[in-house]
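# Tertiary structure, described
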Amino acid sequence: MAGERTRAPGELEGAIMAALWAAEGPLTSPQLQDRVAGRRPAQTTLLTALDRLGHKGLVRRVGEATRRVQFEAAITEAEHASRAMLEALPEDRNRGAALLRFAGDLGPDDLAVLQAAIAERRRPGRAEKRS
């Protein structure tokens, strides 16, 4: 029915990003309509969501002609997950506690990946990155 919400807030944007990350290259809006999981979104709804994702720096337009424009993810899925985790951390209060809890909740395989990343970052000659 027109005007009825068929998805939870943010669900369409997540489905669009998943489709773009899974794609081999840029996609047109009709291609995206076919690849978005769940109910097929209306073209105008899809374009509105793509515009919002563009303003968030997550999607970029490829090409300028109206009928030939394509869309691609502006960041990788890993970069997106990293940003989300960093945004979820408290700025000052309890940041250390949140990091300790996160590390404590990791399984052995994930913990090994994190330990390897920390070791690589500490390697001599590696540039320091500030948060």
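Before going into details, it helps to say that this report is about the structure given with it. (Residues numbered from 1 in each chain as written. Predicted model: local features only at pLDDT ≥ 70, side-chain atom pairs only at ≥ 80, totals over all residues. Heavy atoms only, no water.)

### Looking at the overall build of the protein chain
Rules: Strands here mean DSSP runs of E at least two residues long; helices mean DSSP runs of H or I at least four residues long; both are numbered from the N terminus. Only protein chains enter the area calculation, which uses a 1.4 Å probe; residues under 20% of their type maximum are buried, those over 50% are exposed, and those in between are partly exposed. Only heavy atoms matter for contacts: two residues are in contact if any of them lie within 4.5 Å across the pair. Using the Shrake-Rupley algorithm and a 1.4 Å probe, accessible areas are obtained, with residue cover drawn only from the displayed protein chains.
A tally of helices and strands in the protein chain yields 6 helices and 2 strands. Along the protein chain, helices (α) and strands (β) appear in the sequence α-α-α-β-β-α-α-α when read from the amino end. The buried share among the 131 residues of the protein chain stands at 21%. Across the protein chain, contacts joining residues at least 24 apart in sequence account for 42% of those joining residues at least 6 apart. Element-wise, carbon and sulfur atoms account for 52% of the exposed surface of the protein chain, whose accessible area totals about 10100 Å².

### Observations concerning unusual backbone geometry
Positive phi is not limited to glycine here, since asparagine 94 has a value of about 65°. You can see asparagine 94 is positioned in the loop between helix 4 (77–88) and helix 5 (95–105). Assessed through its relative accessible area of 46%, asparagine 94 is described here as partly exposed.

### Quick notes on the packing of helix 1 (residues 11–22) against helix 3 (residues 43–55)
Convention followed: Here an angle of 0 to 180 degrees is reported between the N-to-C directions of two axes, which are lines fitted to C-alpha atoms, with helices fitted over the stretch in contact. The cut-offs work like this: below 35 degrees is roughly parallel, past 145 is roughly antiparallel, 65 to 115 is roughly perpendicular, and the gaps in between are oblique. When residue character is reported, Ala, Val, Leu, Ile, Met, Phe, Trp, Tyr, Cys and Pro are called nonpolar, Asp, Glu, Lys and Arg charged, and the others, Gly included, polar.
Where helix 1 meets helix 3, the closest approach of the two axes is 10 Å, and the angle between their N-to-C directions is 80°. Judged by the inter-axis angle, helix 1 sits roughly perpendicular to helix 3. Residues Leu12, Glu13, Ile16 and Met17 of helix 1 lie in contact with helix 3, whose contacting residues are Thr45, Leu46, Ala49, Leu50, Arg52 and Leu53. Of the residues belonging to the contact of helix 1 with helix 3, the class tally is 7 nonpolar, 1 polar and 2 charged.

By themselves, these figures tell us nothing about what the structure is for.
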